[in-house]
Structure formats: structure tokens, C-alpha cells
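# Analysis of the macromolecular model
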Amino acid sequence: MAVKVKPGGKVFGIVLLLGAIYAGKMLWWDKRPQEAKAATEIGKVALPDAAEASLSGNAVKLPLPESTEALNGGTKISWRVMAWNSQFALMYANGGVNTTKGSLIDKAKLQLQLVRQDDCNKSLADMVKFAQDYKKNPNTAGVFASFMGDGMPAFFAALAKELEPLGADYQPIAFYTMGKSYGEDKLMGPVEWKREPKTAIGKTVAGVLRDGDINIMLKWAGDNNIPVNPDETSYDRNAINIIAANDFLDAGAKYIAGYKETRKLVIDGKKTSKDTTVGVDGVATWTPGDVNIAQKKGGLVNIASTKEYSSQMPNITITIKKFAYDHRTDIENLIIALAQAGDQVRSYNEAKAFAGDVSAKVYNEQNGAYWLKYYNGVEEKDVQGLNIPLGGSMAFNLTDAANTFGMGKDAIDRYKIVYTTFGEILTRMYPEIMPTYPVYTQVVDKSFLASVVANHPELLEGAAIKEKYAESITSEVSSKSYQIQFETGSSVIKAASHAVLDEILKSAVVAEGLKVGVYGHTDNVGNPTANEKLSNERAESVRKYLLDKGLPEARIESKGYGDTKPIADNTTNDGRAKNRRVQIVLGQ
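As the structure is a computational prediction, the values presented were derived from the model and not from experiment.

For the structure shown, the criterion picks out 23 aromatic pairs. Aromatic side chains Tyr325 and Phe448 sit 5.5 Å apart centroid to centroid with 85 degrees between the ring planes, which places their arrangement in the edge-to-face category. With Tyr325 in helix α10 (residues 321-326) and Phe448 in helix α17 (residues 447-455), the pair connects residues that are 123 residues apart, well separated along the chain. The class of Tyr325 is partly exposed, set by a relative accessible area of 38%. Above the plane of the ring of Tyr255 lies Lys297, whose end atom (NZ or CZ) is 4.3 Å from the centre. Cation over ring: Lys321 sits above Tyr325, and NZ or CZ is 5.6 Å from the ring centre.

Turning our attention to the sheet that holds strand β11 (residues 240-244). Consider a sheet: its strands pair through backbone hydrogen bonds, and that pairing is either parallel or antiparallel. Strand order in the open sheet made by the 6 strands is β9-β11-β8-β14-β7-β15, with mixed pairing throughout. Edge positions in the sheet fall to β9 (228-229) and β15 (301-305), since each of these pairs with one other strand and no more. Together, β7 (186-189) and β14 (282-285) form the strand contacts of helix α9 (residues 289-296), whose direction differs from that of β14 by roughly 145 degrees.

Next up on the list: the environment of Arg428. Secondary-structure assignment places Arg428 in helix α15 (residues 414-429). A sequence separation of 198 residues divides Arg428 from Pro230, and the C-alpha atoms of the two residues are 9.6 Å apart.

The next thing to look at is helix α4 (residues 120-136). If you check α4, its first and last C-alpha atoms are 25 Å apart, about what 17 residues at 1.5 Å a residue would give, namely 24 Å. When α4 is considered as a whole, its buried residues turn out to be Ser123, Leu124, Met127, Val128, Phe130, Ala131 and Tyr134. Taken end-on, α4 shows its buried residues confined to a sector of 160 degrees, consistent with a single buried face. Seen from the buried face of α4, the exposed residues on the opposite side, beyond 90 degrees, are Asn121 and Lys136. Tucked into the core, α4 has its buried residues touching β3 (75-81), β5 (142-148), α5 (152-163), β16 (314-320) and α10. For α4, the side-chain oxygen to backbone nitrogen distance between the N-cap and Asn121 is 2.9 Å, and the N-cap itself is Asp119.

This paragraph deals with the environment of Gly560. One can find Gly560 in strand β23 (residues 556-560). Exposure remark for Gly560: the relative accessible area of 3% places this residue in the buried category. As a C-alpha pair, Gly560 and Glu540 span 20 residues in sequence and 8.5 Å in three-dimensional space. Beyond its immediate chain neighbours, meaning those up to four positions away, Gly560 contacts Gly520, Glu532, Ser535 and Asn536.

Rules of the game
Residues numbered from 1 in each chain as written. Predicted model: local features only at pLDDT ≥ 70, side-chain atom pairs only at ≥ 80, totals over all residues. Heavy atoms only, no water. Phe/Tyr/Trp six-rings, centres within 6.5 Å; stacked < 30°, edge-to-face > 60°. Helix = DSSP H or I, 4+ residues; strand = E, 2+ residues; numbered from the N terminus. Buried < 20%, exposed > 50% of the residue type's maximum accessible area, 1.4 Å probe, protein only. Lys NZ or Arg CZ within 6 Å of the ring centre and 35° of its normal. Pairing = 2+ DSSP bridges. Contact = heavy atoms within 4.5 Å. Axes fitted to C-alpha atoms, helices over the stretch in contact; angles between N-to-C directions. Expected span 1.5 Å × (residues − 1). Arc of directions from axis to C-beta. Polar contact = N/O pair within 3.5 Å; in protein donor to acceptor, adjacent residues only side chain to side chain.

Next comes the structure, spelled out in C-alpha cells:
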């Protein structure tokens with residue numbers, strides 16, 4: 001016999017059922033351990049060894065631009081720029097927020113409007129809208145943007161996807177670099193991180209996710225064998241954890257304000273329901289973010305920066321391919337103007353000071369003296385009395401741009417190494433968000449720069465400034481051991497280890513500002529004197545390999561320590577294998 005349930009009973013039953021489901025969710029489902037995103041082992045990050053920004057001994061001093069806006073009837077371009085000193089060449093070349101009379105951009109028959117935009121996502125949206133408008137109306141004014149070179153894989157991946165419906169002609173391209181960060185962008189952390197990098201394990205760094213500054217932290221962590229937790233919602237005590245910031249200034253502001261947030265705790269690789277509270281221990285930022293930290297709170301020192309990783313962060317200029325090809329002459333004239341401006345800024349203090357004044361107007365912040373000071377880079381005491389290097393950027397001339405893109409005498413495409421290195425790291429860390437990124441040749445178009453280089457050899461006459469390296473390393477930035485295979489009892493490197501050596505080379509290229517130490521070690525089997533001799537010879541073989549690949553001789557030191565510095569137990573086969581190693585130190 002069927003039981004008839006009254007409507008009120010039905011409602012009550014439904015409420016009971018929903019209550020049971022909710023209770024089950026809260027008391028069991030939400031509290032069950034979930035698989036956490038594994039902390040990423042970045043590995044040693046190898047970047048190219050680039051010639052430093054050049055100073056043209058043949059530069060002819062030009063009169064400074066006027067303050068009156070130019071109305072030359074030329075192609076109009078709105079240029080999105082971050083508040084970043086690597087754009088001093090552009091500031092000088094344009095003469096003001098809008099192109100001024102007598103400026104190099106005026107002479108190139110272009111009319112630029114420089115717009116400060118620190119938010120990469122907004123710049124991305126502006127580029128998408130420009131491409132859409134330009135497809136409808138070819139008379140639309142151009143839109144350019146400048147970004148950190150090592151952050152471009154993530155930016156290009158997002159932008160290329162948004163522009164895909166418009167067709168291949170409306171994809172983004174990078175066509176020039178006007179300068180680079182040379183100390184300004186950095187990882188700042190407690191003093192103990194500098195003394196012992198492993199103390200950063202279990203700590204946090206605030207920064208913009210998948211951005212150039214965070215990449216400095218990733219390289220430093222990889223060089224020191226420190227895992228990084230890619231999930232900004234959890235806390236892994238066995239890795240460095242990232243606290244997401246809206247922009248580079250917000251990253252520093254979070255540290256200054258004592259910001260805290262609640263995270264789910266990772267235990268044994270599982271993301272649990274247990275909460276923990278984390279604050280900001282370190283910051284990835286650039287000027288004026290680093291200045292704000294030093295002046296408003298202090299307590300953080302430079303752990304690693306683009307002074308050491310000096311090829312990592314060129315300032316890359318992009319636009320839409322169709323616009324660039326429709327305005328090829330304009331693009332080439334722009335490159336000529338920026339190259340000449342780079343020579344002026346690097347050769348004459350008046351030009352550099354003028355660029356600082358324009359920067360203050362474009363960024364609508366501080367004054368020219370402020371931007372000039374931090375373009376040059378200074379060391380100041382923070383509010384806690386710590387000496388902190390702040391700022392530091394370089395303007396490029398044509399020689400520098402050619403060196404960056406592999407058109408220099410050594411033919412090393414430094415930017416390709418930087419781009420692919422960080423593209424691969426980010427796809428490994430964030431496969432759900434960034435499963436792939438555009439290949440280098442798809443988004444970097446060298447044809448405009450190549451034409452200028454070929455047709456204006458006189459602009460290449462500036463001699464590149466060489467890095468000056470210490471006689472020996474006294475301060476380590478990173479240290480990592482490699483198992484390089486040699487022929488038995490010999491210093492001849494086996495071919496199978498060439499790939500490892502090439503990784504070491506790449507890392508050295510990125511960290512161009514650091515000296516490379518190559519130190520050989522053996523186990524304790526055999527005669528100590530013979531072991532020291534063999535370790536010396538093997539270290540020298542690695543040094544010779546790196547020299548043959550183009551690293552300057554003054555940059556590399558090598559030494560053998562024999563069996564005097566074991567890192568494992570020599571009484572076991574496994575321990576002896578670990579002790580037979582080549583240690584690579586990057587330092588000053």
C-alpha cells in the first residue's frame with residue numbers, strides 16, 4: 001500500500017535531504033585532503049651573456065628638443081608605457097608627453113602620445129581594441145606597448161589568443177628594444193636569504209603573477225634548488241609561496257602595510273582544509289616600488305636583480321603586425337630615432353637629465369631629478385639603516401638592440417634565449433592557464449631592425465661597454481652542483497654531458513653581470529694529490545668549453561678542490577657519486 005505524503009511533509013523531507021547534503025559537504029567533502037599542485041622545481045635558469053649597453057664615442061651632441069608640441073602631420077601612435085626608466089631613450093626622442101618640435105621623433109615625421117599604463121591587462125585590452133578598430137578602419141591611429149622581455153611569453157600567449165579571430169595579419173609582433181633594466185627590477189627579501197638562500201623555503205614573495213619581476217625570483221630559486229609553489233591559494237612549507245599583487249607598486253604596498261591572507265595548508269603533497277595565515281616576507285618589484293619599501297618600512301635587501309641577471313629584462317616594443325607592415329617606413333624611422341636617442345642619453349648628461357624631466361611628465365609622478373637618480377641607480381640606507389641599491393636602467397643604441405636580437409658580432413640571439421627559457425618555465429608552472437606560448441619566430445619580427453642595421457652602418461659605430469669582473473668570487477648569488485660525465489680518469493668531457501654544459505652556458509648568459517666560478521670535486525678514492533690535479537683539470541675543461549661558446553675569459557675562474565669538500569658520505573657508492581661533481585657558482 002502506497003503511503004501518501006502531505007505537501008508539508010514533502011517540503012520537510014526536502015529540507016532534511018538538503019541539510020544532510022550540506023552537512024556532508026561541510027563536514028567531509030570540503031575537509032578531505034585534495035591533491036595539491038606540486039611545487040615546481042625550476043632548475044638552473046641559463047640566460048645569455050650579452051654585451052652591455054654601449055656608449056658611442058662618435059656621437060655628435062644634438063640640440064635638446066623644444067617644449068612646443070609638434071604638428072608635423074605624420075603617423076599618429078599612442079604608446080602604452082609602464083613607469084620604467086628603461087624608456088629614457090623614448091623620453092628623450094619624443095621630447096614630451098606628446099612629440100615636441102625639433103625632437104628626433106618629430107624629425108622622423110611621427111606624432112607619439114606617451115600614456116602611462118602599469119596594468120598589463122589593460123594594455124592587453126587596449127591592443128585588442130586597436131586591432132579590432134584597425135581592421136575596420138586603416139586610418140585608425142596606431143597603438144604600441146612596451147613590456148618586460150622575460151614576461152612577454154605570458155603576455156603574448158594571452159594577446160595572441162584574443163586576436164586569433166581577426167586573422168594572422170592582426171597578431172602581435174615585437175620589433176625593437178630601446179633599453180633594459182639594469183638593477184631596477186629585483187627580488188627583495190630578508191638579509192638571511194642573502195646569506196643562506198634555503199632560508200627562503202616556506203616564505204612568501206609578493207609580486208604580479210607570471211610577470212617579469214616574479215621571473216627574477218624564479219631564476220634565483222631555480223639556481224639555488226628551491227621549489228616554488230605555483231598555487232597562490234595554498235601554503236607549502238617546503239617551497240617559496242607567491243602572494244598575488246595587482247601591479248608592481250601593490251606588491252611593495254602589501255609588504256609595507258603588513259598584509260596578511262588565509263591559505264589552505266599543503267601537507268604531504270595534499271591541499272588540506274586546514275587554514276594558515278601568511279604575511280609578505282619578500283617582494284618582486286621595481287622602481288619606485290623598491291624606493292617605497294626602503295623609505296616607508298625597510299628591512300629588505302636586494303637578493304637578486306637585473307644588475308646580475310643583466311640580459312633578462314630588455315624593454316620590448318610591440319604592436320599589431322598589419323599596422324607595422326602598412327607603416328614599414330615609419331617603423332624603421334622610429335628605430336633610427338630611438339637608436340640616436342640612446343646614443344645621446346648614454347653620451348651626454350644634459351640629454352639624460354632631459355629624459356628624466358620628460359619621464360616625470362609622462363608618469364605624472366615626482367620630478368626629473370627623481371627619475372634621473374634612479375635611472376643611474378644609487379645605494380641608500382633604508383629606514384632601518386640597511387644599505388640598499390635602488391634603481392638602475394640602461395638606454396640602448398643600435399648596437400645594443402642588434403646584440404639583443406642576435407645581429408651582433410657574436411650572433412647570439414639573447415632575447416630568444418630569455419623568451420624561450422621563461423616561456424617553458426611558465427607553461428610548466430601553470431599548464432591550466434598557459435598550456436603553451438607563441439613560438440619566438442612567430443612574435444619577434446627582426447625585419448625592421450635588420451633593414452636599419454643594413455642601411456645605416458654608421459649607427460653601429462658605438463663600442464659596447466664590457467662588464468668588469470672581479471679577479472675572484474667573494475660573494476655568491478647562487479651555487480649548484482652538476483654531474484658532468486668525463487672519460488674514466490680523464491678530463492675529457494663525454495658528449496652526453498654537452499647538453500648540461502649548454503644549460504650552464506644559458507644561465508651564465510642571462511646572469512651576465514656575475515662572474516662564473518667552475519669548481520671541480522672528487523670522491524676520496526685514490527691519492528689526494530692526484531685527486532686535486534684531476535679536479536683542477538676537469539674544472540678547466542668545463543671552463544674551456546664555456547670560453548669556446550663565447551663567454552669572455554675574464555669572466556670565468558676555475559679551480560679543483562679534490563676530495564676536500566665532500567657533500568655526501570664517501571663510504572657509500574651513492575655518496576661518492578654525489579661527491580664527484582662540478583660546482584657552478586655565480587657571484588661577484
